[in-house]
Amino acid sequence: PRSIFFSRHGESQFNVEGKIGGDAPLSSRGMQYAQALPALITDNIGDAPLTVWTSTLQRTIQSAQYLPYNKLTWKSLDELDAGVCDGMTYEEIEQAYPEDFANRDEDKFNYRYRGGESYRDVVTRLEPVIMELERQENILIIGHQAILRCLYAYFHNLPHDDLPYIKIPLHTVIKLTPKAYGCDEERYTLPI
Ligand code: F6P
């Protein structure tokens with residue numbers, strides 16, 4: 001059976017600083033994850049074919065750099081666009097836009113950042129990615145937190161209200177194996 005592997009990019013400089021969005025490079029821990037990832041994947045799939053999909057942001061491309069497989073970058077896999085809040089910490093957002101911050105808490109799935117996107121928008125933008133994923137064999141997606149929440153919710157059929165809270169930790173590979181109904185799941189966390 002074919003499998004779909006999901007991983008967030010390794011820890012980025014913005015993750016370290018608590019800033020959202022942006023296009024920061026990996027931190028040194030993130031680089032260690034990039035270096036450790038090929039062994040984890042090849043131990044898992046052996047010599048079966050695999051294609052790696054990344055976003056256009058450098059943290060996903062750096063995370064994939066040592067993987068010995070064909071790669072494809074998708075603009076549609078870029079992280080949820082936080083608009084005017086891009087590059088800010090959650091504390092800075094709460095200070096600058098207190099009402100927005102409260103509204104997001106109230107309905108996180110539908111909340112759209114000023115000049116940016118909502119989770120609902122991202123679900124729509126991912127439709128072509130999901131169509132293609134359904135037709136492919138083994139795929140590894142090196143993605144972003146909000147994006148992987150949407151893809152994960154699709155394959156596990158989780159409701160919209162729960163989707164923005166799904167836990168997708170750093171430095172963890174999630175393996176989904178679709179069955180007739182639903183998916184089997186395994187998780188591998190690297191001690192980095
Ligand atoms: O902090 C990492 C990050 O991927 C941000 O770039 C993004 O805005 C955020 O997580 C999404 O998570 P949440 O919707 O919980 O704020």
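Here, every reference points to the structure presented above.
Described below are features of the structure shown in this document. It should be emphasised that the depicted structure is a prediction, and the values quoted were computed from it without experimental measurement.

### Describing the site of the ligand
At step 1: In the neighbourhood of the ligand, the contacting residues comprise N15, I20, G21, E79, Y90, R104, K108, Y119, Q145 and R149.
At step 2: One of the side-chain nitrogen or oxygen atoms of E79 is found 2.5 Å away from an oxygen atom of the ligand.
At step 3: In this structure, an oxygen atom belonging to the ligand sits 2.7 Å away from a side-chain N or O atom of R104.
At step 4: Looking at the shell around the ligand residue by residue, the classes come out as three nonpolar, three polar and four charged.

### Notes on a negative patch on the surface
At step 1: Residues D105, E106, D107, D161 and D162 make up a contiguous surface patch of negative charge.
At step 2: Following the sequence through the fold, E106 ends up in helix α5 (residues 98-106).
At step 3: Judged by relative accessible area, E106 falls into the exposed class, the value being 70%.

### Quick look at the packing of aromatic side chains
At step 1: For the structure on display, the rule yields four aromatic pairs.
At step 2: Ring geometry for F6 against F155: centres 6.4 Å apart, planes inclined by 50°, an arrangement best described as tilted. Taken together, the residues F6 in strand β1 (residues 4-8) and F155 in helix α8 (residues 145-156) connect sequence positions 149 residues apart.
At step 3: With relative accessibility at 9%, the residue F155 sits in the buried group.
At step 4: Centroid distance Y154 to F155: 4.9 Å. Interplanar angle 85°. Geometry classified as edge-to-face.
At step 5: In this structure an aromatic cluster arises from ring pairing among F6, Y154 and F155.

What counts as what
- Residues numbered from 1 in each chain as written.
- Predicted model: local features only at pLDDT ≥ 70, side-chain atom pairs only at ≥ 80, totals over all residues.
- Heavy atoms only, no water.
- Near = heavy atom within 4 Å.
- Polar contact = N/O pair within 3.5 Å; in protein donor to acceptor, adjacent residues only side chain to side chain.
- Nonpolar A, V, L, I, M, F, W, Y, C, P; charged D, E, K, R; others polar.
- Patch = residues over 30% accessible without salt bridge, like charges linked within 9 Å, V, L, I, M, F, W, Y side chains within 5 Å.
- Areas by Shrake-Rupley, 256 points an atom, 1.4 Å probe, with all protein chains shown as cover.
- Salt bridge = Lys/Arg side-chain N within 4 Å of Asp/Glu carboxyl O.
- Lys, Arg positive; Asp, Glu negative; His and termini not counted.
- Charge placed at Lys NZ, Arg CZ, Asp CG, Glu CD.
- Helix = DSSP H or I, 4+ residues; strand = E, 2+ residues; numbered from the N terminus.
- Buried < 20%, exposed > 50% of the residue type's maximum accessible area, 1.4 Å probe, protein only.
- Phe/Tyr/Trp six-rings, centres within 6.5 Å; stacked < 30°, edge-to-face > 60°.

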